[in-house]
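Architecture and fold: a report
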Amino acid sequence: MKFNFDEVIDRKGTKCLKWDLYPKIFKHDDLLPLWIADMDFRAPDFVIEALRKRLEHEVLGYTGYCDCWYKAIEGWLLQRFGWEPGREALTFIPGIVRGIAYVIHCFTKEGDRIMMTPPVYNPFFNVTANTGREVVFSPLEEREGRFYINWDDFEQKIQGCKLFILCHPHNPGGRVWSKEELCRIADICEKAGVVVISDEIHADLTHAPLQHIPFATTCEAAARISITFMAPSKAFNIAGLASSYAVVVNEALRQKFFEFLMASGFAEGNLFSYEGLIAAYTHGEEWLNAVKHYIVENIDFVDEFLRREIPEIKIMRPEASFLVFLDCRSLGLTTEELAKLFTDKAHLALNTGASFGPGGEGYMRLNVGAPRSIIEKALVQLREAIHPQA
């Protein structure tokens, strides 16, 4: 194997949320952490080398956009998605959750309504509530191990909202929304006068044979009403570099949002965010294909283990990313009981499904972006917690 994803790397003592700060979150200090959405693999060598080379010049001054940053994003979007939004549509964002907060402040006021489809990435509703806006939920429907939009509920609840936050691909369920679904969202939202924030941070981790389709490319309505956020952070495991960016095709939306960013001082990154993105998008194709292959093998491993050893738990097979939603409803446990099973008995740190909002009850989110030996250890601990040996 050219890239060794089996290597177990000790991340303790690096100030990482996943390993160093989980005791504050889970109130335990003896857990195997498979929760927050970064991977336990080394960042690609070409990213590390780019950062190392930049450090050879020991003046770390103010840094701005450069032509190579734009070219890297333009080339990546064209190569991966056939998308040519134009350089003028691009701007740096210091993290997608921050970007969502910026959109909320730019396009809404306190008390305005913002809709999302839970169970969904919980910062969506946390940042909405924390900025004094009203959270509106249109829960997804689970059918045969897959999430679907309840269109009647969606169309009813979107009325009177200012924003809709789309998770595309979906986290935690791993759904890759189809072009037809995305166009229907666009049509409903445009008629209701709603701006769509499309969080596409997991786009590059879409698993074959499916292909990610950027929301703004699906139809003219989607292009008119959307602000898209993307980043190399999940795909290349460089979340700490804060190297996100926004793509806004519509000129009126873009002018208002970009002027807000500039006026607030939010539109400039740091030199490592630029260098990391350029390296990832210039040299990353082979590494990305390899890590996606390894992730799919980990998903298969989890699925087969559960079917054989813990049939009470089933996976909602993700169509993208390294996050697996575990359906634990057959255990018949409350949210608190399920959390205690994983922490107190299995000694695992996972996100509860309930933390993602309505519809997540009875699930747990497992991060399989780790060496297979770690995933196997976690599953064995879970098996012993549910079926202790006599």
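Not measured: the values here are computed from a predicted model. (Residues numbered from 1 in each chain as written. Predicted model: local features only at pLDDT ≥ 70, side-chain atom pairs only at ≥ 80, totals over all residues. Heavy atoms only, no water.)

The subject of this paragraph is the sheet that holds strand S12 (residues 323-327). Reading across from one edge, S11-S12-S15-S14 is the order of the 4 strands in this open sheet, with antiparallel pairing throughout. Each end of this open sheet is capped by a strand with a single partner; those strands are strand S11 (314-316) and strand S14 (351-352). (Pairing = 2+ DSSP bridges. Helix = DSSP H or I, 4+ residues; strand = E, 2+ residues; numbered from the N terminus.)

Moving on, we get to helix H14 (residues 335-345). Those residues of H14 that sit buried are Leu338, Leu341, Phe342 and Thr343. Packed against the buried residues of H14 are helix H2 (22-26), strand S13 (348-349), strand S15 (363-367) and helix H15 (372-386). The positive-phi residue at the C-terminal boundary of H14 is histidine 347, with phi of around 55 degrees. (Buried < 20%, exposed > 50% of the residue type's maximum accessible area, 1.4 Å probe, protein only. Contact = heavy atoms within 4.5 Å.)

Turning to the nonpolar core, a few remarks are in order. Within the largest apolar cluster, 73 residues are counted, with the highest numbers of intra-cluster contacts made by Phe236, Tyr245 and Leu326. A per-element tally of this core places helix H13 (residues 285-309) first, with 9 residues. Formed by 31 residues, the second largest nonpolar core is a distinct cluster that contains Ile93, Ile96, Leu261 and Ala267. (Core = buried A, V, L, I, M, F, W, Y, C linked by side-chain atoms within 4.5 Å.)

Sheet architecture is open: 7 strands sit in the order S2-S10-S9-S8-S7-S3-S4, paired in mixed fashion. In the strand order of this sheet, the two ends are held by strand S2 (90-93) and strand S4 (134-137), each with one partner. Strand after strand, the sheet turns through a mean of 25 degrees between neighbouring axes, direction not considered. Looking at chain direction, strand S9 (residues 226-230) and strand S10 (residues 244-247) are connected through 3 bridges and run antiparallel. Residue pairing across strands places methionine 230 opposite tyrosine 245, the latter belonging to S10. (Axes fitted to C-alpha atoms, helices over the stretch in contact; angles between N-to-C directions.)

Our next topic: the pattern of salt bridges. By the definition in use, this model includes 29 salt bridges. Lysine 2 serves as the salt-bridge partner of glutamate 286, at 3.2 Å between the closest nitrogen and oxygen. You can see glutamate 286 sitting in helix H13 and its partner lysine 2 sitting in the segment before helix H1 (17-20), a full 284 residues away along the chain. A relative accessible area of 46% means that glutamate 286 is categorised as partly exposed. It is possible to trace a salt-bridge network through shared partners that takes in Arg11, Lys18, Asp38 and Asp40. (Salt bridge = Lys/Arg side-chain N within 4 Å of Asp/Glu carboxyl O.)

On to the side chain of serine 226. Along the chain, serine 226 falls in strand S9. Within polar-contact distance, the side chain of serine 226 engages the backbone oxygen of alanine 222 at 2.6 Å. Every residue in contact with serine 226, bar those within four places of it in the chain, is listed here: Val196, Phe215, Ala216, Val247, Val248 and Leu253. (Polar contact = N/O pair within 3.5 Å; in protein donor to acceptor, adjacent residues only side chain to side chain.)

We now examine unusual backbone geometry. Note on backbone geometry: most residues besides glycine have negative phi, and most peptide bonds are trans. The linkage connecting proline 118 with the following residue, proline 119, adopts the cis geometry, with an omega of 0 degrees. Within the secondary structure layout, proline 119 lies in the loop between strand S3 (113-116) and helix H6 (123-130). For the peptide bond that leads from alanine 208 to proline 209, omega is 5 degrees, which places it in the cis range. Position of proline 209 relative to the elements: it lies in the loop between strand S8 (195-199) and helix H9 (220-225). Notably, asparagine 237 is not glycine yet its phi reads approximately 55 degrees, a positive angle. Locating asparagine 237 in the fold gives a position in the loop between helix H10 (233-236) and S10.

Turning next to the side chain of aspartate 40. Relative to the assigned elements, aspartate 40 resides in the loop between strand S1 (32-33) and helix H3 (45-55). Judged by relative accessible area, aspartate 40 falls into the buried class, the value being 5%. Only 2.8 Å separates the side chain of aspartate 40 from the side chain of arginine 11, close enough to count as a polar contact. Separated by 3.3 Å, the side chains of aspartate 40 and lysine 18 make a polar contact. Apart from the residues within four sequence positions on either side, aspartate 40 is in contact with Ile9, Arg11, Lys18, Trp19, Asn237, Gly369, Ala370 and Pro371.

At a closest axis distance of 8 Å, the pairing of H3 and helix H12 (residues 271-283) adopts a crossing angle of 140 degrees. Overall, the two elements H3 and H12 adopt an arrangement that is oblique. Viewed along their axes, H3 and H12 form a crossing whose handedness is right-handed. Taken together, the residues of H12 that come into contact with H3 (itself represented by Phe46, Val47, Ala50, Leu51, Arg54 and Leu55) are Leu271, Phe272, Glu275, Gly276, Ala279, Ala280 and His283. Taken together, the residues that form the contact of H3 with H12 break down as 9 nonpolar, 2 polar and 2 charged. (Parallel < 35°, antiparallel > 145°, perpendicular 65-115°, else oblique. Left-handed = near helix turned anticlockwise from the far one by under 90°. Nonpolar A, V, L, I, M, F, W, Y, C, P; charged D, E, K, R; others polar.)

With that settled, consider the pairing of S3. Pairing geometry for S3 and S4, over 4 bridges, is parallel. Note on S4: the bridge partner recorded for methionine 116 is phenylalanine 137. The parallel pair S3 and S4, bridged by H6, forms a crossover whose chirality is right-handed. As judged from the 3 bridges shared by S3 and strand S7 (residues 161-167), these two strands associate in the parallel manner. By the bridge assignment, arginine 113 is partnered in S7 with cysteine 161. (Right-handed = clockwise from strand over helix to strand, strands pointing away.)

All chains considered together, the criterion is met by 30 aromatic pairs. Here tyrosine 65 and tryptophan 69 contribute two aromatic rings whose centre-to-centre distance is 4.8 Å and whose plane-to-plane angle is 0 degrees, an arrangement assigned as stacked. Tyrosine 65 sits in the partly exposed class, given a relative accessible area of 26%. Taking relative accessible area as the criterion, tryptophan 69 reaches 1% and is therefore assigned buried. Note on phenylalanine 125 and phenylalanine 137: the rings are 5.4 Å apart at their centroids and 90 degrees apart in plane angle, and the pair reads as edge-to-face. With phenylalanine 125 in helix H6 and phenylalanine 137 in strand S4, this pair connects stretches of sequence that are 12 residues apart. Judged by relative accessible area, phenylalanine 125 falls into the buried class, the value being 14%. (Phe/Tyr/Trp six-rings, centres within 6.5 Å; stacked < 30°, edge-to-face > 60°.)

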